[in-house]
Amino acid sequence: MKSRLLSGVVFGLWVTTMAGWVVALPVARGAETVKVHVFPGTANLPLMVAEEKGVFAKNNIKLQLSFTRSSKEQMTGIRDGKWDLGSTSPDNVIAYNVNDGTDFFLFMGVGGTTIRFVVDPAIKSFNDL
């Protein structure tokens, strides 16, 4: 049951196009209801389509989708167990792991998002960092 649930979650998330997913441990423990907290926007359409097409139900997963108003709300809610998954930027995962002592991990990164890497004009490459 545990591996089937996790496989279903991973497959369902595979059809999404998000900046990255942060995961709290309850998902790995085999919860049948997966609470997902995301920023509003069209990037969530694949999740909604997967739910509508029965991808989650086929794998005995009930998706509870909710929308966040801020990174802080999202990350503290995931940390405190209010939600199981969240779509967020990698900087949130790093910041909370370093500053708040969480044990989040990030997977399913995707390029082409609206997040930009901005540096001083003197920086010409990643090696310059």
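What counts, and at which threshold
- Residues numbered from 1 in each chain as written.
- Predicted model: local features only at pLDDT ≥ 70, side-chain atom pairs only at ≥ 80, totals over all residues.
- Heavy atoms only, no water.
- Helix = DSSP H or I, 4+ residues; strand = E, 2+ residues; numbered from the N terminus.
- Buried < 20%, exposed > 50% of the residue type's maximum accessible area, 1.4 Å probe, protein only.
- Contact = heavy atoms within 4.5 Å.
- Salt bridge = Lys/Arg side-chain N within 4 Å of Asp/Glu carboxyl O.
- Core = buried A, V, L, I, M, F, W, Y, C linked by side-chain atoms within 4.5 Å.
- Polar contact = N/O pair within 3.5 Å; in protein donor to acceptor, adjacent residues only side chain to side chain.

- The protein chain is annotated in an unreviewed UniProt entry as ABC transporter substrate-binding protein of Tectimicrobiota bacterium.

1. Side note on the overall build of the protein chain
Phase 1: Within the protein chain one finds six helices and five strands.
Phase 2: Along the protein chain, helices (α) and strands (β) appear in the sequence α-β-α-β-α-α-β-α-β-α-β when read from the amino end.
Phase 3: Buried residues in the protein chain amount to 36% of all 129 residues.
Phase 4: For the protein chain, the share of sequence-separated contacts (at least 6 apart) that also reach a separation of at least 24 residues comes to 73%.

2. Some words on unusual backbone geometry
Phase 1: Of note, the phi angle at asparagine 60 is positive, near 60 degrees, even though the residue is not glycine.
Phase 2: Within the secondary structure, asparagine 60 is located in the loop between helix 4 (55-58) and strand 3 (62-67).
Phase 3: Note on asparagine 60: relative accessible area 38%, which makes it partly exposed.

3. A short note on the pattern of salt bridges
Phase 1: Evaluation of the coordinates by the stated rule reveals three salt bridges.
Phase 2: Between arginine 69 and glutamate 73 there is a salt bridge; the shortest N-O distance is 2.6 Å.
Phase 3: Residue classification places arginine 69 among the exposed positions, given a relative accessible area of 72%.
Phase 4: The partner of arginine 79 in a salt bridge is aspartate 100, with the nearest N and O atoms 2.7 Å apart.

4. Some thoughts on the nonpolar core
Phase 1: Core analysis: the largest hydrophobic core is formed by 10 residues, namely Val34, Val36, Val38, Leu47, Ala50, Val55, Phe56, Ile61, Leu63 and Leu85.
Phase 2: Elements supplying a minimum of two residues to this core: strand 2 (33-38), helix 3 (45-52) and helix 4.
Phase 3: Among the elements that make up this core, the one with the highest residue count is strand 2 (three residues).
Phase 4: Met75, Ile78, Tyr96 and Phe104 belong to the second-largest nonpolar core, a separate cluster that totals six residues.

5. What to know about the environment of histidine 37
Phase 1: Within the element layout of this structure, histidine 37 appears in strand 2.
Phase 2: Judged by its relative accessible area of 2%, histidine 37 is buried.
Phase 3: Apart from residues lying up to four places away in sequence, histidine 37 is in contact with Ser66, Phe67, Thr68, Glu73, Gln74, Trp83, Leu85, Gly86 and Ser87.
Phase 4: Within the structure, histidine 37 has its side chain in polar contact with the side chain of tryptophan 83 (distance 3.5 Å).

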